[in-house]
Amino acid sequence: MQDSIIRALSEELKFKDFELNALLEITKGINSDQSLDYLLSVYEFILKEQLGLQKFVLYKKQTNWTHLIKTGVKGRIKDIDIERDLLRFDKITLIESSSNLELNQFDVVIPVFHQEKALAFLLLSEKNINGKEYNFSSSISELSFIETLTNIIVVAIENKRMNKQGLIQERINKELEVASEMQKLLFPDNLPSDKRLDLAATYTARHEVGGDYYDFIRINEDEFIICIADVSGKGVGAAMLMANFQATIRTLLSFEKFDLEYLIHELNGKVMKAAKGEKFITFFIGKYNSKTRLLQYVNAGHNHPILTNGKKAEFLDKGSIGLGMLDEIPFIEPDEIEIKPNSTLILYTDGIVELQNKAGEYFQADRLIKLIHSFYPLKMEDLNNLIFSKLDEFRETEELVDDTAIFSCRIF
């Protein structure tokens, strides 16, 4: 039983790493201003060689609708009219049957829209050349990844078109969309809510992209890792640094490097190399064992997470300086604490405690703790919604000063 769980978790982790590596390869090409042919070749390689898809067509609106990629399809596709046959699809859809025989040879349509305007459509077939089934109805995570990858490619193509036309501001907005699509993959898709755990997270970026990150990584049936991070500075550069940071964490953990002190030293070196001292990352990581009920953690300069039983709260403040501040971490003070039943651990970024109202008052951790204690019986998702509602009441018409994330963990 445990072996099968570990295998499933290992496969999930491998696919997550594959997603990040594929996206980084694409964004490298975009950032280095590679040609359209190069970007499309990388995109086609990922779909065909790495995901095993052998039949697909990508339509893109240029002056007229045209296909940019056609793989596994013999001859011309002349009877598919985009306006007539595809504009009705506004989300990923399984094509169960169609009177159009040429459309009926495909099984899935993935549309790309921007501001309610159709930019592209990707048609996929479930069968590869050898007749092997690729069942999209049971491959939601793969479809979600393909959708994100297609959005990034299409947006990059739009950027190139707009650059030629001199639409600089619109191009910038499109670049932010690319970063926003990438950033969606930083966050876990499904957080557990069962008899042992109730986890929920809420995140709001101040601008189109942000520099906050949280994660839940299950090691085995009894152990998991939770973490949260915040990068100094904002924008695309900060988002890219955080994407590399998350990929590094998952790569290290895939080699079972669960020693937190080792992890902090390695991450510090990676951040220094990537940011060259221009940015740093505050980071909290905890490793919990449900059998021993022990939480090992290191707080690398991050806002102190709150551990409470609903009546008394304590801060998890042992650790080190932030990552990327110095070439070498001068000291690390890890800690280990016992988690009592029905305890709540709240991880958050400084967008919450540094939020100001019209009078110049800060929201601060004390006000957050009072909220948690006042509404302690709530499920974590409901508690997060309530906290964000109170943040809006507190700031009234004042703007958000920073990205804002909260990761709430009830441990029964």
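Structure: above.
Scoring rules and cut-offs
- Residues numbered from 1 in each chain as written.
- Predicted model: local features only at pLDDT ≥ 70, side-chain atom pairs only at ≥ 80, totals over all residues.
- Heavy atoms only, no water.
- Phe/Tyr/Trp six-rings, centres within 6.5 Å; stacked < 30°, edge-to-face > 60°.
- Helix = DSSP H or I, 4+ residues; strand = E, 2+ residues; numbered from the N terminus.
- Buried < 20%, exposed > 50% of the residue type's maximum accessible area, 1.4 Å probe, protein only.
- Lys NZ or Arg CZ within 6 Å of the ring centre and 35° of its normal.
- Patch = residues over 30% accessible without salt bridge, like charges linked within 9 Å, V, L, I, M, F, W, Y side chains within 5 Å.
- Areas by Shrake-Rupley, 256 points an atom, 1.4 Å probe, with all protein chains shown as cover.
- Salt bridge = Lys/Arg side-chain N within 4 Å of Asp/Glu carboxyl O.
- Polar contact = N/O pair within 3.5 Å; in protein donor to acceptor, adjacent residues only side chain to side chain.
- Pairing = 2+ DSSP bridges.
- Axes fitted to C-alpha atoms, helices over the stretch in contact; angles between N-to-C directions.
- Contact = heavy atoms within 4.5 Å.
- Parallel < 35°, antiparallel > 145°, perpendicular 65-115°, else oblique.
- Left-handed = near helix turned anticlockwise from the far one by under 90°.
- Core = buried A, V, L, I, M, F, W, Y, C linked by side-chain atoms within 4.5 Å.
- Arc of directions from axis to C-beta.

A. Examining the packing of aromatic side chains more closely. Evaluation of the coordinates by the stated rule reveals nine aromatic pairs. Ring geometry for Phe245 and Phe283: centres 5.1 Å apart, planes at 90 degrees, overall edge-to-face. Of the two residues, Phe245 is situated in helix α6 (residues 236–254) and Phe283 in strand β9 (residues 281–289); the sequence distance between them amounts to 38 residues. The exposure classification of Phe245 matches that of Phe283, with both residues buried. Here the aromatic cluster, defined as three or more aromatic residues joined through ring pairs, consists of Trp65, Phe113 and Phe121. Seen from the ring of Phe363, Arg367 lies directly overhead, with NZ or CZ sitting 5.6 Å from the centre. Stacked on the ring of Tyr376, the Lys or Arg Arg410 has its end atom at 4.4 Å from the ring centre.

B. Molecular detail of a nonpolar patch on the surface. Together, Phe280, Met325 and Leu326 give the surface a local cluster of nonpolar side chains, amounting to about 250 Å² of exposed area. Topologically, Phe280 is positioned in the loop between α7 (260–275) and β9.

C. Main features of the environment of Glu83. Along the chain, Glu83 turns up in helix α3 (residues 82–86). C-alpha separation for the pair Glu83 and Ala118, spaced 35 residues apart in sequence, amounts to 9.9 Å. A polar atom in the side chain of Glu83 sits 3.2 Å from the side chain of Trp65.

D. Expanded view of unusual backbone geometry. Look at Arg293: it is not a glycine, yet its phi comes out positive at around 60 degrees. For Arg293, the location among the structural elements is in the loop between β9 and β10 (294–300). A positive phi angle, close to 65 degrees, is found at Gln364, a residue other than glycine. Along the chain, Gln364 falls in helix α9 (residues 364–374).

E. Layout of the sheet that holds strand β15 (residues 343–348). Pairing in this open sheet of five strands is antiparallel, and the strands run β6-β16-β15-β11-β12 from one edge to the other. A single partner strand is all that each edge strand has here, and the edge strands are β6 (197–204) and β12 (313–315). Each strand of the sheet is rotated relative to its neighbour by a mean of 15 degrees, with strand direction disregarded. Packing of α9 onto the sheet brings it into contact with β11 (306–308), β12, β15 and β16 (404–411), and relative to β11 it is tilted by some 30 degrees.

F. A look at the pairing of strand β5 (residues 117–124). Counting buried positions over the eight residues of β5 gives seven, a clear majority of the element. As paired elements, strand β1 (residues 56–61) and β5 share five bridges and run antiparallel to each other. Residue pairing across strands places Leu58 opposite Leu122, the latter belonging to β5. Of the strand pairs in this sheet, strand β4 (residues 108–114) and β5 are connected by seven bridges, and their pairing is antiparallel.

G. Region of the structure containing the pairing of strand β2 (residues 65–71). Two elements, β1 and β2, share six bridges in a ladder whose sense is antiparallel. Pairing of Phe56 across the sheet is with Thr71, part of β2. Connecting β1 to the next strand, β2, in antiparallel fashion are three residues.

H. Quick look at the sheet that holds β5. Read from one edge to the other, the open sheet built from five strands follows the order β2-β1-β5-β4-β3, with strand pairing classed as antiparallel. If you trace the sheet from one side to the other, it starts and ends with β2 and β3 (93–94), each paired once. Sheet contacts for helix α2 (residues 36–50): β1, β2 and β5; angle to β2, the most-contacted strand, approximately 50 degrees.

I. How the structure looks around the packing of α9 against helix α10 (residues 380–395). Across the interface, α9 lies against α10 with an axial gap of 11 Å and an inter-helix angle of 135 degrees. Here α9 is positioned oblique relative to α10, judged by the angle of their axes. Both α9 and α10 take part in a crossing whose hand is right-handed. Judged by residue contacts, Arg367, Leu368, Leu371 and Ile372 of α9 engage Leu383, Leu386, Ile387, Lys390 and Phe394 from α10.

J. The nonpolar core, seen in detail. Core analysis: the largest hydrophobic core is formed by 30 residues, its most contacted members being Tyr43, Leu47, Leu122, Leu124 and Ile146. For Tyr43, the contacting residues outside a window of four places in its chain are Ile26, Leu58, Ile69, Leu122, Leu149, Thr150 and Ile153. Core analysis: the second largest hydrophobic core is formed by 28 residues, Tyr213, Val231, Ala238 and Ala300 among them.

K. Broad picture of the pattern of salt bridges. The tally for this structure, following the rule as stated, stands at 10 salt bridges. Here Lys291 makes a salt bridge to Asp222, at a shortest N to O gap of 3.6 Å. Taken as a pair, Lys291 in the loop between β9 and β10 and Asp222 in the loop between β7 (212–218) and β8 (223–231) lie far apart in primary sequence, 69 residues in all. Judged by relative accessible area, which is 14%, Asp222 ranks as buried. Because the salt bridges share partners, they merge into one network encompassing Arg196, Asp222 and Lys291.

L. Representation of α9 within the structure. When we look at burial in α9, the residues that qualify are Ala365, Leu368, Ile369, Leu371 and Ile372. On an axial view of α9, the arc spanned by its buried residues comes to 160 degrees, and they lie on one face. Exposed positions of α9 whose direction lies more than 90 degrees from the buried face are Asp366, Lys370 and Ser374. Next to the buried residues of α9 lie β11, β12, β15, α8 (350–353), α10 and β16.

M. View of the environment of Arg88. Looking at the element boundaries, Arg88 is found in the loop between α3 and β3. Counting along the chain gives 23 residues from Arg88 to Pro111, while the straight-line C-alpha distance between them is 9.7 Å. Separated by 3.4 Å, the side chain of Arg88 and the backbone oxygen of Asp85 make a polar contact.

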